[in-house]
Amino acid sequence: EPEVTQTPSHQVTQMGQEVILRCVPISNHLYFYWYRQILGQKVEFLVSFYNNEISEKSEIFDDQFSVERPDGSNFTLKIRSTKLEDSAMYFCASIGTATFYATNEKLFFGSGTQLSVL
Amino acid sequence: SQQGEEDPQALSIQEGENATMNCSYKTSINNLQWYRQNSGRGLVHLILIRSNEREKHSGRLRVTLDTSKKSSSLLITASRAADTASYFCAMYDRGSTLGRLYFGRGTQLTVWP
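The paragraphs below set out a description of the structure included in this document. (Residues numbered from 1 in each chain as written. Chains lettered and ligands numbered in written order. Predicted model: local features only at pLDDT ≥ 70, side-chain atom pairs only at ≥ 80, totals over all residues. Heavy atoms only, no water.)

## Focus: the environment of glycine 16 of chain A
Residues and elements named next belong to chain A.
- Along the chain, the position of glycine 16 falls in the loop between strand 2 (10–13) and strand 3 (19–24).
- Once the C-alpha coordinates of glycine 16 and aspartate 62 are considered, the two residues, 46 residues apart in sequence, prove to be 15 Å apart.
- With near-sequence residues (within four places) excluded, glycine 16 lies in contact with Arg80, Ser81 and Thr82. (Helix = DSSP H or I, 4+ residues; strand = E, 2+ residues; numbered from the N terminus. Contact = heavy atoms within 4.5 Å.)

Pasting the structure below:
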């Protein structure tokens, strides 16, 4: 079955540093997402991306965060100046072709990047 | 806004036993989905049940949905050690856009051989 791949699997960084988390969504998918999961807490939506622009973002996704699809395959999440509270597992996900407001679709998730901010 | 809550938080059973996990949510839904997460791995979609369905089966999985009680249950029959994982319910909020799911904290299932 096709997979969403994420790199790196683990990232350790110092507070205030910039990090870029990378994802390769499934090749024919059109909608891309980032979620995060702080240890022991719920999986939370960060942002959705379609047609080379942000479709929706949560209140978590502040100015420190940005997303980009620099080429036809990669989808990145950048955290400009990391904070201790950014430590979490970050998941990339994608959905195949569908009407944007049709919600009977499952998400395909990558294995995640564990980000540790020291 | 929408919220999902699973119950119990942790469940420990022997192989061959059935495992039942429950999910409650706050606002009306179009569908409810269940995902599994193996330790250190991503979430894998298990099953989706629509709001006009009451029960759905997929292999050893059985999902029920009671929209009047805003609750769902996931039953895994004849559990195996390989079923050890965290299980999450997820749903959309009214007006949610595609892919914006609300997850619960999950139920950690441990199946002992």
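## Side note on the interface of chain A and chain B
- Taken residue by residue, the interface counts 28 residues in chain A and 26 residues in chain B.
- Here chain A packs against chain B, burying approximately 2300 Å² in sum over the two surfaces, 53% of which is carbon and sulfur.
- Applying the counting criterion to the chain A and chain B interface returns two salt bridges.
- For glutamate 5 of chain B, the salt bridge identified is with lysine 42 of chain A, shortest N-O distance 3.0 Å.
- The tally of links between chain A and chain B comes to seven residue pairs in polar contact (both at pLDDT 80 or more).
- Of all the secondary-structure elements, those providing two or more residues to the side of chain A that touches chain B are strand 4 (31–37), strand 5 (43–50), strand 6 (53–57) and strand 9 (88–95) of chain A.
- With four residues, strand 4 of chain A is the single largest residue contributor to the side of chain A that touches chain B. (Buried area = accessible area lost by both parts, 1.4 Å probe. Salt bridge = Lys/Arg side-chain N within 4 Å of Asp/Glu carboxyl O. Polar contact = N/O pair within 3.5 Å; in protein donor to acceptor, adjacent residues only side chain to side chain.)

## What to know about the sheet that holds strand 1 (residues 4–7) of chain B
Residues and elements named next belong to chain B.
- If you walk across this open sheet you meet the five strands as 1-3-8-7-6, and the pairing is antiparallel. Either end of the sheet is taken by a strand with one partner, and the two such strands are strand 1 and strand 6 (55–58). With strand direction ignored, the average angle separating the axes of adjacent strands in the sheet is 15 degrees. (Pairing = 2+ DSSP bridges. Axes fitted to C-alpha atoms, helices over the stretch in contact; angles between N-to-C directions.)

## Some words on the state of the cysteines
Residues and elements named next belong to chain A.
- All chains considered together, the criterion is met by two disulfides over all chains.
- Here cysteine 23 pairs with cysteine 92 through a disulfide, and the sulfurs are 1.9 Å apart. The S-S bond linking cysteine 23 to cysteine 92 shows a torsion near -65 degrees; that makes this disulfide left-handed. Here cysteine 92 lies in strand 9 and cysteine 23 lies in strand 3, a separation of 69 residues in the sequence.
- A relative accessible area of 1% places cysteine 23 in the buried class.
- Judged by relative accessible area, cysteine 92 falls into the buried class, the value being 0%. (Disulfide = S-S within 2.5 Å. Buried < 20%, exposed > 50% of the residue type's maximum accessible area, 1.4 Å probe, protein only.)

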